[in-house]
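Architecture and fold: a report
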Amino acid sequence: MTDAPAVRAPVDRTTQPWWRSAVFYQVYPRSFADSGGDGVGDLGGVRDKLGYLELLGVDALWICPVMRSPMADGGYDVADPRDIDPLFGGLVAMDELIAEAHFRHLKITMDLVPNHTSSEHPWFLAARDAGPGSPERARYYFRDGRGPDGAEPPNNWPSIFGGPAWTRVTEPDGTPGQWYLHIFAPEQPDLNWENPEVAADFEKTLRFWLDRGVDGFRIDVAHGMAKPEGLPDMAEVKSALLVNDDDDLRFNQPGVHEIHRRIRKVLDDYPEAITVGEVWVNDNVRFSEYVRPDELHLAFNFRLAETEFDADAIRDAIDNSLAAVGPVSATPTWTLSNHDIKREVTRYGDGAAGVARARAMLLLELGLPGSVFIYNGAELGLPNVDDLPDEVLQDPAWERSGHTERGRDGCRVPIPWEGAKPPFGFTTGQPWLPMPADWAGLTVETQLEELGSTLSLYRMAIELRRIRPEFAGDFIEWYGSPPGCLAFRRKGGLVCVLNASATPTQLPPGDVLLASAPLEGGQLPPNTAAWLV
Ligand code: GLC
């Protein structure tokens, strides 16, 4: 163990479970901290930085996939779900991380990928070799092709990363053969969840990690897994990559809820552990179905992350996020970014305005009731890196789209820890993605020293949210506010005001607990939020 754990105000578990108001910190392990010098972050690196995460004040980590993988999609292509990839330090590194995190009262949640495996998973290798009609193929979606000689894909579904969602295999006898379904990359064949072996194996994986002490899971593509009977064509093939809407046949099929109920039954054997699902579903009623009491504990609501910096749009996103959980008494979740989404500083316009708005939005989300997910680097106000050279891009979307969609690497550039030039203490080697030289002013080392830094704002805001009674209550009440502004009140008494207009605005009565930028003559400047009590 390194330095001693800091004294932390206890979360009040007598009244509610820990995850109902937790601050989760998402670690993209490749990009967080490298303890091995190979230029790729690892679990030893995460462990080295636990003291920092404790200082930041978060309750739990969500670690993106670290299981054994050929890394065709940054680890979301899993070849062995019950082992840790040597790139990240192997099982020992995971056990050590769990132990030290718990010593520091930090929870660890892992990212599991039930919708698909890697094409290097032993099951898929066996399926490829076993031939049509075999039980091995029945764990996936193998189908004969259409058209003469079966040379056309079985249906018209596109892959999320571009191109068709089907790839043809060569049969063991060397002839062109069946096709297999992959909603994501060809290296990510979809599992057939109607096959009982698939569910049984996933249960084994859940218990494997829970028994090792993990506190829960982020469930990847939690609105996927179930497929419509007969795999019919989509009425209209949408060409947009990396997105889906509510009437997309590839997702959100009714059968998915039975799968979540089975997962929940396992989790209920471990009462402190939770699941949070990646649910890209817009309709509030259909979203709410995923967080019924016998399904997921939490589901990501992406509305805030998809909303521009506009008061009416933000109010609408909040109302909808609350409406999507209220009817089933589930917990709202808030997030501004993750490893799939352009960083908020850049979405809000980059430069000083982008940073100011991202800071204001942080106070807004931490002021709301529910759980908050912070993506690593957001606490440093990192922008997206949109000028990565073509030759370093690794997101499968880049190749699959024929170099028209650059993909998500721009939000995955490694974290700058210290020093004046790249790789800023991230690694002693060559970082897997180049880091901008002008991040010297954004390092953790620099920002820890500055009271006005984004990191200091995060620390203060998370701390206040933890200890102040004004944050109590599950609901918000909207306040009247001038055009371009919004204000809400929590039952405990906290008032959160945000100014998205172009002019300073008067604050309601009360004492300012924290503001995302200095007030101007007692007024709240544009692109700023404040908490009042
Ligand atoms: C999820 C992940 C994303 C990954 C995809 C396929 O959307 O967040 O990063 O590419 O699933 O597993």
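Residues numbered from 1 in each chain as written. Predicted model: local features only at pLDDT ≥ 70, side-chain atom pairs only at ≥ 80, totals over all residues. Heavy atoms only, no water.

1. Here we look at the environment of Arg-468
- You can see Arg-468 is positioned in the loop between helix 14 (454-467) and strand 14 (476-479).
- As a C-alpha pair, Arg-468 and Leu-513 span 45 residues in sequence and 10.0 Å in three-dimensional space.
- Ignoring sequence-local partners within four residues, the contact set of Arg-468 consists of Leu-513 and Val-533.
- A distance of 2.9 Å separates polar atoms of two side chains, one belonging to Arg-468 and the other to Glu-470. (Helix = DSSP H or I, 4+ residues; strand = E, 2+ residues; numbered from the N terminus. Contact = heavy atoms within 4.5 Å. Polar contact = N/O pair within 3.5 Å; in protein donor to acceptor, adjacent residues only side chain to side chain.)

2. Some remarks on the site of the ligand
- The immediate surroundings of the ligand are formed by 14 residues, with Asp-73, Asp-220, Glu-278, His-339 and Asp-340 found nearest.
- Here His-339 contributes a side-chain N or O atom positioned 2.9 Å from an oxygen atom of the ligand.
- Between the ligand and the protein, one listed contact pairs an oxygen atom with a side-chain N or O atom of Arg-408 at 3.0 Å.
- Protein chains bury 96% of the 310 Å² of accessible surface belonging to the ligand in isolation.
- Applying the majority rule of atoms within 2 Å of the grid points places the ligand in the largest pocket.
- Here the shell around the ligand is built from residues that sort into four nonpolar, three polar and seven charged. (Near = heavy atom within 4 Å. Areas by Shrake-Rupley, 256 points an atom, 1.4 Å probe, with all protein chains shown as cover. 1 Å grid on protein atoms, 1.4 Å probe; cavity = no way out; pocket = protein on both sides within 12 Å on 5 of 7 lines; lining within 4 Å. Sits in = over half its atoms within 2 Å of the grid points. Nonpolar A, V, L, I, M, F, W, Y, C, P; charged D, E, K, R; others polar.)

3. Section: the sheet that holds strand 2 (residues 60-63)
- A sheet is described by the order of its strands in space; here eight strands give the open sequence 11-10-9-5-2-1-13-12, paired in parallel fashion. The strands lining the two open edges of the sheet, one partner per strand, are strand 11 (298-299) and strand 12 (333-335).
- The sheet contact formed by strand 12 and strand 13 (residues 371-375) spans three bridges and is parallel. Each residue of the ladder has a partner; that of Thr-335, found in strand 13, is Phe-373. (Pairing = 2+ DSSP bridges.)

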